[in-house]
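# Structure at a glance
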Amino acid sequence: MQVNQHRGFSLVELVAVIVILGILAFVAVPRFFDRGSVDARGFYDQAQSVIRYAQKMAIARRDTIFVQITAGTIRVCFDIACANPIPDPASAGGSLIANAPNGLAINPPAIPTFGFNALGRPVDETLAPLMVSQIVGIAGRNITIELETGYVHS
């Protein structure tokens, strides 16, 4: 008995693969050329890291460290007025400031300047514990700072 051994693809299979590749290219290619979403995600991650660093520094120093959030920057300082910024551990001589990329705005929380006490809990300018969780909005994502623990998460 002979077995019919045809190898290759049928025309229907080839057309189906070309259509699927075309759809994927239509959806995926614009994302490669749009840096806005990549920059927004990068800044979101950076902002979350800066706020977490402020909390960890407050615990390590057993002192209050303040975070000041405006529409374009997130700063970490030793004092409420941000006259004495914390040095950036990644750069020699620079201050720990996260600047939003062009076209990206930060939605500041209800209390734009707050601190972390020696236990890592968020406090207001009078060093009283916050009564409302802080929520920072960046590019459709939210960074939440919990009340009791100061846990910074998305």
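The structure under discussion appears in the preceding block.
Residues numbered from 1 in each chain as written. Predicted model: local features only at pLDDT ≥ 70, side-chain atom pairs only at ≥ 80, totals over all residues. Heavy atoms only, no water.

### Brief notes about a nonpolar patch on the surface
How we decide: Patch membership needs two things, relative accessible area over 30% and no salt bridge, and members are linked within 9 Å if like-charged or within 5 Å if nonpolar (Val, Leu, Ile, Met, Phe, Trp, Tyr). Each accessible area is a Shrake-Rupley estimate made with a 1.4 Å probe; only the visible protein chains count as cover when residues are assessed. Note on definitions: salt bridges are taken to be side-chain nitrogens of Lys or Arg within 4 Å of carboxyl oxygens of Asp or Glu. Each helix corresponds to a stretch of at least 4 residues labelled H or I by DSSP, and each strand to a stretch of at least 2 residues labelled E; elements are numbered beginning at the N terminus.
A contiguous nonpolar patch, built from L11, V15, V19, I23, F26 and V27 and spanning about 640 Å² of accessible area, is present on the exposed surface. Relative to the helices and strands, I23 resides in helix α1 (residues 11–33).

### Here's the deal with the pattern of salt bridges
When the charged atoms of two side chains with opposite charge come close together, those side chains can pair. As a reminder of what qualifies: Relative accessible area decides the class of each residue, using a 1.4 Å probe on protein chains only: under 20% of the type maximum gives buried, over 50% gives exposed, and in between gives partly exposed.
Evaluated as defined, the whole model comprises two salt bridges. Note that E148 is salt-bridged to R121, the shortest N-O span being 3.6 Å. Taken together, the positions of E148 in the loop between β8 (141–145) and β9 (152–153) and R121 in the loop between β5 (113–116) and β6 (122–123) put the pair 27 residues apart, joining distant regions of the chain. Classification of E148 as exposed rests on a relative accessible area of 56%. The exposure class of R121 is partly exposed, given its relative accessible area of 23%.

### Some words on the state of the cysteines
Selection criterion: In plain terms, two cysteine sulfur atoms within 2.5 Å form what is called a disulfide here.
Going through the model one piece at a time under the given rule, you end up with one disulfide. A sulfur-sulfur separation of 2.0 Å characterises the disulfide bridge that pairs C77 with C82. Looking along the S-S bond of the C77-C82 disulfide, the torsion reads about 100°, which is the right-handed sense. The exposure class assigned to C82 is buried, which follows from its relative accessible area of 8%.

### Considering the sheet that holds strand β3 (residues 97–99)
Here is the rule we go by: Think of it this way: DSSP has to see at least two bridges between two strands before they count as a pair. Residues are treated as being in contact if the distance between any of their heavy atoms lies within 4.5 Å. The axes are straight lines fitted to the C-alpha atoms, using for helices just the contacting stretch, and the angles between their N-to-C directions are given from 0 to 180°.
Here we have five strands laid out as an open sheet, ordered β3-β2-β1-β5-β6, and antiparallel in their pairing. Each having just a single partner strand, β3 and β6 make up the two edges of the open sheet. Where β5 meets β6, two bridges bridge the pair, whose relative direction is antiparallel. Looking across to β6, one finds that G115 is bridged to V123. In the packing of helix α2 (residues 35–61) onto the sheet, contacts are made with β1 (65–69), β2 (73–77), β3 and β5, and the angle to β1 comes to roughly 160°.

### Some words on the packing of aromatic side chains
Here the distance between the centres and the angle between the planes together describe a pair of aromatic rings. Formally: The criterion for an aromatic pair is that two Phe, Tyr or Trp rings (for Trp, the six-membered ring) have centres within 6.5 Å, with stacked assigned to planes under 30 degrees apart, edge-to-face to planes over 60 apart and tilted to the rest. By definition, being over a ring means that NZ of Lys or CZ of Arg is both within 6 Å of the ring centre and within 35 degrees of the ring normal.
Per the stated rule, a full pass over the model turns up one aromatic pair. When the ring of F114 is compared with that of F116, the centres are 5.7 Å apart and the planes differ by 80°; the resulting orientation is edge-to-face. F116 gets classed as buried once you look at its relative accessible area, which sits at 0%. Seen from the ring of Y44, R141 lies directly overhead, with NZ or CZ sitting 5.7 Å from the centre.

### Side note on the nonpolar core
Going by this rule: To form a nonpolar core, buried Ala, Val, Leu, Ile, Met, Phe, Trp, Tyr and Cys residues must be joined to one another through side-chain atoms within 4.5 Å.
I51, I74, F116 and I138 are the most contacted members of the largest nonpolar core, which has 28 residues in total. Secondary-structure elements contributing two or more residues to this core are α2, β1, β2, β5, β7 (134–138) and β8. Top element by residues in this core is α2. It accounts for nine residues.

### Thoughts on the environment of D45
Following the sequence through the fold, D45 ends up in helix α2. Between the C-alpha atom of D45 and that of M131, which follows or precedes it by 86 residues, the distance is 26 Å.

### Side note on α1
Going by this rule: One less than the residue count of a helix, multiplied by 1.5 Å, gives the span that helix is expected to have. Note on bend: the value at a residue is the angle between axes fitted to the seven residues ending there and to the seven starting there.
Across its 23 residues, α1 extends 33 Å between first and last C-alpha, which sits within 8% of the 33 Å expected from 1.5 Å per residue. Roughly 30° is the biggest bend found in α1, and it falls at F26, with proline P30 one to four residues downstream.

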